[in-house]
Amino acid sequence: MYNKVYVEITNICNMNCSFCHGHSRAPRQMTRDEFSLILDKLKEQTKYIYYHLMGEPLTHPMLPEFIKMAGERGYKSIITTNGTLLKKRGDELLAAGVHKVNLSLHSFETGSKQDHECYVTELANFAKKASDNGVIVVFRLWNNGFDNGKNETAINLLKEKISGEWAQNTRGIRIREKLYIEYGGRFKWPDKEATIKGDRYFCYGLKDQFGILADGTVVPCCLDSDGVINLGNIFSDDIDSILNSKRATDIVEGFKCGKASEDLCKRCGYAQRFL
């Protein structure tokens, strides 16, 4: 069983962040029937659904219903969001039974000091309410060296808005129960036009995760934004046949030996982080 499966319920986003690779696919949102079929097919594969690969999940009008559907079938729902729509839709997430929300604070790159303060305040208000209701909330600052001082400003604002122990740990800060800050560096997304990164690779793709794009295309990891490594389509194909195909098993066996069987993986900076 996989630790997580990334289900891209929409590839549409309301922002255009510089660190995001983006994609060249046609805009698409999953339907209720498509998402229901995915839940049926994943029942032996995972218990954790991550609602993104590309796209902002809160732009999907049926997100709360999807979370409820998943919960009724025994899944836990994890959302990663830029947070700009939480003031409008945050209560819907909590009422639907979301398990965890990752807030990408590094999404805020432009705008005035006042805009930034308003943005962080809105996310802090949601985080307090969510964590008080038993939902895990993580503020992500995955932009070390590229924040132009905004990380420190954001943390100071959060300290003003949220009381807690604010204890440092190896990954970031534990603010209080169910509420954390997580640091990380920028990484280069895999791109078929990029240069080959080296001669040794390792990835958790198809080992503890895989992804499903909005059109049903199954990909080995959460970074294949254009579906270059198309393993099959979950809407039409048997999921076990997809995951046990020669192409999929070659990927897994290759990484066991520090090799990349796919050209795209050889052009992924992330695939060298775990060596």
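Refer to the structure above for everything that follows.
These numbers were taken from a predicted model, which means no experiment stands behind them.

Caption draft 1: How the structure looks around unusual backbone geometry. A positive phi is found at tryptophan 166, a non-glycine position, where the angle reads about 50°. Among the secondary structure elements, tryptophan 166 is positioned in the loop between helix H5 (150-161) and strand S6 (167-168). Judged by relative accessible area, which is 17%, tryptophan 166 ranks as buried. The residue leucine 206 is not glycine, and still its phi comes out positive at about 70°. You can see leucine 206 is positioned in the loop between strand S8 (179-185) and strand S9 (209-212).

Caption draft 2: The arrangement of the pairing of strand S1 (residues 4-7) in detail. Alternating positions in S1 separate into two faces, Lys4 and Tyr6 on one and Val5 and Val7 on the other, with burial throughout. Across 4 bridges, S1 lies against S9 in parallel orientation. Considered in S9, the bridge of tyrosine 6 is made with glycine 211. Relative to strand S2 (residues 48-50), S1 runs parallel, the two being bridged by 2 bridges. Opposite valine 5, over in S2, you have isoleucine 49 as the bridge partner. Handedness of the β-α-β unit built from S1, helix H1 (residues 32-41) and S2 comes out right-handed.

Caption draft 3: A look at the side chain of arginine 89. Position of arginine 89 relative to the elements: it lies in helix H3 (residues 86-96). For arginine 89, a relative accessible area of 10% translates into the label buried. Looking at arginine 89, its side chain comes within polar contact range of the main-chain oxygen of leucine 58, at 2.7 Å. Apart from the residues lying within four places of it in its own chain, the contact partners of arginine 89 are Leu58, Thr59, His60, Pro61, Leu63 and Pro64.

Caption draft 4: Spatial organisation of the sheet that holds strand S3 (residues 76-81). Read across the open sheet, the 10 strands follow the order S6-S7-S8-S5-S4-S3-S2-S1-S9-S10; overall the sheet is mixed. Both outer strands of the open sheet, S6 and strand S10 (218-219), are each paired with one neighbouring strand and no more. Of the strand pairs in this sheet, S2 and S3 are connected by 3 bridges, and their pairing is parallel. Bridging from a neighbouring strand, isoleucine 49 pairs with serine 77 of S3. Against the sheet, H5 touches strand S5 (136-144) and S8, its axis set at about 155° to S5.

Definitions and limits used
Residues numbered from 1 in each chain as written. Predicted model: local features only at pLDDT ≥ 70, side-chain atom pairs only at ≥ 80, totals over all residues. Heavy atoms only, no water. Helix = DSSP H or I, 4+ residues; strand = E, 2+ residues; numbered from the N terminus. Buried < 20%, exposed > 50% of the residue type's maximum accessible area, 1.4 Å probe, protein only. Pairing = 2+ DSSP bridges. Right-handed = clockwise from strand over helix to strand, strands pointing away. Polar contact = N/O pair within 3.5 Å; in protein donor to acceptor, adjacent residues only side chain to side chain. Contact = heavy atoms within 4.5 Å. Axes fitted to C-alpha atoms, helices over the stretch in contact; angles between N-to-C directions.

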